[in-house]
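Below, each chain spelled out in residue letters.
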Amino acid sequence: MDLVPALEEPLKKVVGPATAKVMAEHLDLHTVGDLLHHYPRKYAERGELTRLADLPLDEHVTVVAQVATARILTFNGGRGQRLEVTITDGSGQLQLVFFGRGIHKPHKDLLPGTRAMFAGKASVFNRKMQLAHPAYELLKGDPDTPGGAEEAVDSWAGALIPIYPATAKLESWKIAKSVDAVLPSAQEAVDPLPPSLRDGRALIPLPEALLKIHRPHTKADIASARDRLKWDEAFVLQVALARRRYADAQLPAIARRPRDGGLLDAFDAKLPFTLTEGQEKVSKEIFDDLATEHPMHRLLQGEVGSGKTMVALRAMLAVVDAGGQAAMLAPTEVLAQQHHRSITEMMGELAEGGMLGGSDQGTKVTLLTGSMGMAARRQALLDLVTGEAGIVIGTHALIEDKVQFHDLGLVVVDEQHRFGVEQRDALRGKGKQPPHLLVMTATPIPRTVAMTVFGDLETSVLDQLPAGRSPIASHVVPAEDKPHFLARAWERVREEVENGHQAYVVCPRIGDDVDEAADPKKAKKKAEEEATAEKRPPLAVIEVAEQLAKGPLQGLKVEVLHGRMQPDDKDAVMRRFAAGETQVLVATTVIEVGVNVPNATAMVIMDADRFGVSQLHQLRGRVGRGAAPGLCLLVTDMPEASPARARLGAVAATLDGFELSRIDLEQRREGDVLGQAQSGVRSSLRMLAVIEDEEIIAEAREEAVAVVAADPDLEHLPELRTALDALLDDEREQYLDKG
């Protein structure tokens, strides 16, 4: 975070080219400063050990534990040997396994009573947690072992052993040794916090914080270092976002006010229902923004099915009323076509402006996707440039250079987390002046995440479901423990179909993969993985559909839908399903967002443990969209005590997306929830946990707003500018610029 030569020094000069290469490729660490900001994940104490009971499955873990037993077993009629070591920490036991020639050294080293650090990937074998071929480092300088105190190794002399985020290629203790080499440079770190803020909050100086976070002597050292480093991250990021908002507020835009008796009034008059209070409130916030002379930047987040599309459509109609055009950007062709269908249906004759039988107040609603035929595409482009089409709905095809608008006034981005900010910006660049921007997401985002990731956007929340939406019952189906539960799940699907409804079956993979046998390396790796962990490949759409059609769902009309199909085929399948001709749709997550078939009441998600919490919540939102109640069955093979099962239990227990997004964040940290487009922010948050540190983020935002209002260019805070420049390297600068 500091542009000081000592911290800018490339790592290869300090730790050697081989280690530097692994650090760059696997941990994205390139300079001394990067390594100083690679903080320990936790600390193991000499006297007590890590809780083995809490190990996450399928992640690279480092544990400190004591060997309880070690024994050599033979297999393959005596031809093969494996060493099984049981380690313990008081909270539980963990099995280590070594094969073949690799057993001799650990057999000599890992005697009962020995204490060591072990690093490897946690997997399940025979329903037990294990590490296969872990790397290990004996803790010789352990005060508990006879003579240990005298031979204490310097690097492990402290009572607290730092455990770093590591990779299979570079264990935590090797990272610790590299940190020792760069730690003296911490003295040269430039402090970004204004002195008044630092003193006012009694925060320790930055060099001291770096020293204490890497080599603490007490738990109080860790706490004071964390407090300080969290403030740095929160404050520098919020200053960047506050400057962005300040700059946006200086941009000109055309105010777009709907006219009385125009398109919006005509649309409202023909609505067969009244808007919810939430929709009224959010619409007012949006219309107020549209009426100002600088661009709206608003994030609209709402539960699955809370009526976001209706709110967005009314905003688009208001802009058309004011003489402008509105563009809606959808992440997939299936979704763009679906939006186009539902918007033209909602508008009726108002969507046929200029056509015979169309309304005088109407406008043309045009679809533009990459797979359209030439003639249709040419017509769509013409409608946009002449202004004939007031509303256009499309995919990335809208962003291409060829696409020109008559007067683009509003950009609506659906499912923001699927779009890179570059794409949003390219579309915004098509207005004569910056158009207004409305970003929508159905992934509920806790308030502080919104402040951190979408900090340059004002936020509106729709948390009421429209009248007529039905409740969804969700259940976990443990297929491995109770196979009859799975049989019952298929019976339930049949019952729904017999009652005139339809069902989705979702699988994580498409299937018919390229034969792995063609690649001997892949085949060998797969065989090794299967030998050490009984983990089958994820279930696939094509195979599951075939098994269901021949087996438990025989006689029903079953079709498949996945991303590798031709766009026309996808659309045809969706149309047949929407029309009720197909009874069961077996699909990948292409149906996750926006697919609306009110008659579909049941969903079975296979291998549900392989999906994230937010994704499961999104998928579940595809059922219960009509008058009949919905049913969602989460099928899994994971054992009852596993974290994956706990995650599924949480999804089954609540329909509150905001509650689930908190659980998701707490379990998986921020990465997945924040989405790919936010990589800049994510990579700058090393210490800050967006949920736990709500207060710090909210306070840092207030401080940042005050600092930027007083000194927009930070002329009086050169150290803060330096820190900002380092945070906003190219990628992050773009992220914030394009927010």
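Residues numbered from 1 in each chain as written. Predicted model: local features only at pLDDT ≥ 70, side-chain atom pairs only at ≥ 80, totals over all residues. Heavy atoms only, no water.

Undergrad: Before we go on, may I ask you to explain the pattern of salt bridges in this structure?
TA: A side chain with one charge can pair with a side chain of the opposite charge if their charged atoms come near. Overall, the coordinates contain 36 salt bridges when judged by the stated rule. The partner of Lys-177 in a salt bridge is Glu-137, with the nearest N and O atoms 3.3 Å apart. With Lys-177 in helix α6 (residues 172-182) and Glu-137 in strand β7 (residues 135-138), this residue pair connects regions lying 40 residues apart in the sequence. The partner of Glu-208 in a salt bridge is Lys-212, and the shortest N-O contact between them spans 2.8 Å. A residue pair is termed a helical-turn pair when its members lie 3 or 4 positions apart in one helix, as Glu-208 and Lys-212 do in helix α8 (residues 206-214) at four residues. Salt bridges here are not isolated pairs; linked through shared partners, they connect Arg-488, Glu-491, Arg-492, Glu-495 and Glu-496. (Salt bridge = Lys/Arg side-chain N within 4 Å of Asp/Glu carboxyl O. Helix = DSSP H or I, 4+ residues; strand = E, 2+ residues; numbered from the N terminus.)

Undergrad: Please explain empty space enclosed by the protein as it appears in this structure.
TA: Using a probe with the size of a water molecule, rolled over the atoms, empty space left in the structure can be pinpointed. In total, this model carries two cavities of 30 Å³ or more according to the counting rule given. In this model, the second largest cavity occupies a volume close to 50 Å³. Forming the walls of the second largest cavity are Ala-253, Ile-254, Arg-256, Asp-407, Leu-408, Gly-409, Lys-432, Gln-433, Pro-434, Pro-435 and His-436. Among the residues forming the lining of the second largest cavity, the class breakdown is five nonpolar, three polar and three charged. (1 Å grid on protein atoms, 1.4 Å probe; cavity = no way out; pocket = protein on both sides within 12 Å on 5 of 7 lines; lining within 4 Å. Points joined across faces, edges and corners; volume = space filled by probe spheres on them. Nonpolar A, V, L, I, M, F, W, Y, C, P; charged D, E, K, R; others polar.)

Undergrad: Even after reading the chapter, I still don't get the sheet that holds strand β10 (residues 325-329), so can you show me in this structure?
TA: By definition, the strands of a sheet pair up through backbone hydrogen bonds, in either a parallel or an antiparallel sense. Read across the open sheet, the seven strands follow the order β11-β12-β10-β13-β14-β9-β15; overall the sheet is parallel. Both edges of this open sheet fall to β11 (364-368) and β15 (458-462), since each of them pairs with a single strand only. Direction aside, neighbouring strands of the sheet carry axes that sit 20° apart on average. Two strands pair when backbone bridges link them, and β10 and strand β13 (residues 408-414) are joined in this way by five bridges, in the parallel orientation. Counterpart to Met-328 in the pairing with β13 is Val-412. Each of β9 (297-302), β10, β12 (389-394), β13, β14 (436-441) and β15 is contacted by helix α12 (residues 308-321), which is oriented at about 170° to β13, the strand it contacts most. (Pairing = 2+ DSSP bridges. Axes fitted to C-alpha atoms, helices over the stretch in contact; angles between N-to-C directions. Contact = heavy atoms within 4.5 Å.)

Undergrad: I'm lost on the packing of helix α9 (residues 219-250) against helix α27 (residues 718-727) in this one. Help?
TA: Helix-helix packing is described using two parameters, namely the angle between the two axes and the distance between the axes. Remark: α9 packs on α27, axes separated minimally by 10 Å, with the N-to-C direction vectors making an angle of 85°. As summarised for this structure, α9 and α27 are arranged roughly perpendicular, according to the angle between their axes. Residues Phe-235, Val-236, Leu-237, Val-239, Ala-240 and Arg-243 of α9 pack against Leu-720, Arg-721, Ala-723, Leu-724 and Leu-727 of α27. Taken together, the residues of the contact of α9 with α27 break down into nine nonpolar, no polar and two charged. (Parallel < 35°, antiparallel > 145°, perpendicular 65-115°, else oblique.)

Undergrad: When you look at the pairing of β14 in this model, what are you seeing that I'm missing?
TA: The two faces of a sheet get side chains in turn, since along a regular strand they alternate between them. A large share of β14 lies buried, amounting to six of its six residues. The two faces of β14 match: His-436, Leu-438 and Met-440 on one face and Leu-437, Val-439 and Thr-441 on the other face are all buried. Summarising the sheet, β9 and β14 pair through five bridges and their orientation is parallel. Each bridged residue has a counterpart across the sheet, and for Arg-298 the counterpart in β14 is Leu-438. Pairing of β13 with β14 involves five bridges; the strand directions are parallel. The residue bridging Val-413 from the neighbouring strand is Val-439, located in β14. (Buried < 20%, exposed > 50% of the residue type's maximum accessible area, 1.4 Å probe, protein only.)

Undergrad: Looking at this structure, I do not really get the packing of helix α13 (residues 333-347) against helix α20 (residues 567-578). What am I missing?
TA: One way to put it is that α13 packs onto α20 with a least axis distance of 10 Å and a crossing angle of 50°. The pairing of α13 with α20 is recorded here as oblique in orientation. At the point where α13 passes α20, the crossing takes the right-handed sense. Contacts between α13 and α20 involve Glu-333, Val-334, Gln-337, Gln-338 and Arg-341 from the former and Pro-567, Lys-570, Asp-571, Met-574 and Arg-575 from the latter. Its residues placed into classes, the contact of α13 with α20 shows three nonpolar, two polar and five charged. (Left-handed = near helix turned anticlockwise from the far one by under 90°.)

Undergrad: Quick question: what am I supposed to make of the nonpolar core here?
TA: Side chains of a nonpolar character, in soluble globular proteins, are inclined to be buried together. Residues Trp-231, Phe-235, Val-239, Leu-368, Phe-405 and Leu-720 are the most contacted members of the largest nonpolar core, which totals 52 residues. Of the residues forming this core, the biggest block, nine residues, is contributed by α9. Filtering out sequence-adjacent residues up to four positions away, Phe-235 remains in contact with Leu-193, Pro-194, Leu-197, Ala-700, Glu-703, Ala-704, Val-707 and Leu-720. Counting residues in hydrophobic clusters, the runner-up holds 40 residues, among them Leu-263, Leu-275, Phe-287 and Met-328. (Core = buried A, V, L, I, M, F, W, Y, C linked by side-chain atoms within 4.5 Å.)

Undergrad: Teacher, can you tell me more about the sheet that holds strand β18 (residues 558-561) here?
TA: An order of β16-β21-β20-β17-β19-β18 is seen for the six strands of this open sheet, with the pairing classed as parallel. Edge positions in the sheet fall to β16 (472-478) and β18, since each of these pairs with one other strand and no more. Neighbour to neighbour, the strand axes of the sheet diverge by 20° on average, direction disregarded. Relative to strand β21 (residues 630-636), strand β20 (residues 600-605) runs parallel, the two sharing four bridges. Within the sheet, the bridge partner assigned to Met-603 lies in β21 and is Cys-632.

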